[in-house]
Amino acid sequence: MLDPKLYREDPEQVRAALLRRGKGFDLDALLRLDQEKRALGAELDGLKAERNSASEAIAQLKRSGGDAAAAIEKTRSLGNRIKEIQDKADAAEENWRSLALLCPNLPHASVPDGKSSADNKVVKTWGEIPSAEKSFPDHLEIGAKLKLFDFERGAKISGRGFPIYTGMGARLERALINFFLDFHVASGFTEISPPQLVSRASMTGTGQLPKFEEDMYRCGDDDLFLVPTAEVPVTNMHAGEILDAASLPLSYCAYTACFRREAGSWGADTRGFLRLHQFDKVEMVKFSLPEKSYGELEKLREQGEELLRRLELPYRVLELCTGDLGFGAAKCYDLEVWAPAEKKWLEVSSCSNFEDFQARRADIRAKIQGKPLFVHTLNGSGLATPRILVAFLENHYTEKGTVRLPTVLRPYFGGLEEIGPP
């Protein structure tokens with residue numbers, strides 16, 4: 001949620017920033033609703049002050065033996081008017097909040113302008129990309145040969161997009177998750193094991209609701225949501241709190257299964273692990289002092305990059321343009337790995353600085369120079385496993401028909417150096 005002072009004091013600057021995103025938002029409507037609720041609030045305060053004065057007059061008249069009937073009638077009339085205005089003010093507040101929650105964050109000045117993902121800026125590439133002339137089996141072929149997963153039985157249980165990991169595939173999935181968590185903890189992150197069902201308030205706090213409700217799995221009887229990412233419960237751990245500024249930055253990591261309906265994915269490539277309804281991910285979340293949050297973003301990005309280097313996967317870093325920026329992000333980097341059989345880059349992490357956008361929605365502050373001010377929140381995948389598995393199997397497949405294990409994963413396999421047929 002934007003700071004209302006921004007559009008009250010300089011609406012044209014906010015309008016220009018929103019236009020950089022290239023997505024329509026009715027700022028004029030938000031301004032009208034903001035003005036309406038403030039006018040009603042001012043009228044309400046005036047009426048209450050008038051009623052307080054009338055009440056004092058009644059007390060004085062009674063003490064002096066005067067006739068208080070007129071003053072009593074006035075307080076009664078003011079009370080009715082106050083109730084009427086209070087109802088209007090409550091409605092205006094709700095209308096304003098409903099629209100304010102749909103307003104995207106403003107892009108940071110350093111974010112490159114652009115209309116779509118085609119305009120994202122490649123800022124770094126690492127590793128050797130195999131020759132395009134060489135033929136590679138894809139992850140589905142490799143998985144079938146080595147019996148690593150079973151999509152058909154997963155679909156029989158739950159429907160398409162819910163894979164079963166089997167044998168060494170299950171062990172590889174578990175090894176990746178444990179490697180990610182162990183690396184983050186060794187880097188100073190605090191590990192969290194959060195609930196995987198969250199409230200509507202929590203989903204609103206991090207920006208998934210109300211805009212993206214159709215993409216979420218909802219448990220109707222309790223109005224709880226299966227987590228789309230650990231970002232939601234971990235960020236909301238501190239909802240409504242005033243943090244100790246001296247403790248910042250706070251760095252957390254958490255593993256959860258993630259659940260997404262992918263309602264807007266029609267026409268996308270959904271083969272195998274490329275797009276799932278349930279997948280595993282380790283998330284990184286940071287709470288930072290405002291003036292240090294962009295330094296923390298670079299550290300977050302480097303944290304994800306180091307995981308990819310240790311997995312020996314070719315990758316690149318994209319700086320997202322304004323037209324491809326996520327709803328709540330002020331700035332974002334995507335990490336993408338190269339999948340040689342797919343012959344394309346696959347996103348495996350987005351590292352974002354939300355500035356105070358989420359903190360305002362969830363009311364997360366810190367006492368800074370004696371004042372409770374909103375903190376900046378950041379998060380990044382560290383990492384999501386599905387597309388990592390695609391690139392991992394395709395890049396590490398050997399001519400012997402095995403999958404080579406990088407050094408960092410071998411301890412999780414009892415020293416095993418490769419995965420072969422069962």
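Student: So what's going on with the sheet that holds strand β1 (residues 121-126)? Residues and values would help.
Tutor: In space, the eight strands of this open sheet follow the order β1-β11-β12-β13-β16-β10-β9-β4, with mixed pairing throughout. The open sheet terminates on both sides in strands that have one partner only, identified here as β1 and β4 (190-192). Neighbouring strand axes in the sheet, compared pairwise and without regard to direction, differ in orientation by 25° on average. Here strand β10 (residues 278-288) pairs with strand β16 (residues 376-384) via seven bridges, running antiparallel. Paired with F287 across the bridge in β16 is T377. Seen against the sheet, helix α10 (residues 293-310) touches β1, β10, β11 (315-319), β12 (331-339), β13 (344-353) and β16 and runs at an angle of roughly 5° to β16.

Student: Run through the nonpolar core, naming residues and quoting values.
Tutor: Generally speaking, soluble globular proteins have nonpolar side chains that are buried together. With 51 residues, the main nonpolar core has L172, L308, L311, V337 and I388 as its most contacted residues. Per-element accounting of this core gives the leading share, eight residues, to helix α7 (residues 168-186). Those residues in contact with L311 that lie beyond four places of it in its chain are L176, F179, F180, I388, F392, H396, P406, V408 and L409. Formed by 21 residues, the second largest nonpolar core is a distinct cluster that contains A17, L27, L101 and F327.

Student: For the environment of A175, give the residues involved together with the corresponding values.
Tutor: Along the chain, the position of A175 falls in helix α7. Distance in space between the C-alpha atoms of A175 and L409 is 6.7 Å, their sequence separation being 234 residues.

Student: I'd like a description of the state of the cysteines, backed by residues and values.
Tutor: Per the stated rule, a full pass over the model turns up zero disulfides. As a non-bridged cysteine, C219 has C258 as the owner of its nearest cysteine sulfur, 15 Å distant. Residue C258 stays outside any disulfide, its sulfur separated by 14 Å from that of C253, the closest cysteine. The class of C258 is buried, set by a relative accessible area of 0%.

Student: Run through the sheet that holds strand β7 (residues 224-226), naming residues and quoting values.
Tutor: Sheets are built from strands paired through backbone hydrogen bonds, the pairs being either parallel or antiparallel. Spatially, β5-β7-β6 is the arrangement adopted by the three strands of the open sheet, whose pairing is antiparallel. Of all the strands in the sheet, just β5 (197-199) and β6 (218-219) have a single pairing partner and so form its edges. Bridging between β6 and β7 involves two bridges; their strand directions are antiparallel. Bridging from a neighbouring strand, C219 pairs with L224 of β7.

Student: Quick one: what's the story with the pattern of salt bridges, residue by residue and with numbers?
Tutor: Evaluated as defined, the whole model comprises 33 salt bridges. R15 is the salt-bridge partner of E12, the closest N and O atoms lying 3.2 Å from each other. Here E12 and its partner R15 are both found in helix α2 (residues 11-21), three residues apart, which amounts to about one turn of the helix. The salt bridge involving E305 is made with K124; its shortest N-O contact spans 2.7 Å. With a gap of 181 residues between them, E305 in helix α10 and K124 in strand β1 connect regions that are remote in the sequence. The class of E305 is buried, set by a relative accessible area of 1%. K124 gets classed as partly exposed once you look at its relative accessible area, which sits at 28%. Here the salt bridges do not stand alone but share partners, grouping K124, E298, R301, E302, E305, E306, R309 and R310 into one network.

The rules we used
Residues numbered from 1 in each chain as written. Predicted model: local features only at pLDDT ≥ 70, side-chain atom pairs only at ≥ 80, totals over all residues. Heavy atoms only, no water. Pairing = 2+ DSSP bridges. Helix = DSSP H or I, 4+ residues; strand = E, 2+ residues; numbered from the N terminus. Axes fitted to C-alpha atoms, helices over the stretch in contact; angles between N-to-C directions. Contact = heavy atoms within 4.5 Å. Core = buried A, V, L, I, M, F, W, Y, C linked by side-chain atoms within 4.5 Å. Buried < 20%, exposed > 50% of the residue type's maximum accessible area, 1.4 Å probe, protein only. Disulfide = S-S within 2.5 Å. Salt bridge = Lys/Arg side-chain N within 4 Å of Asp/Glu carboxyl O.

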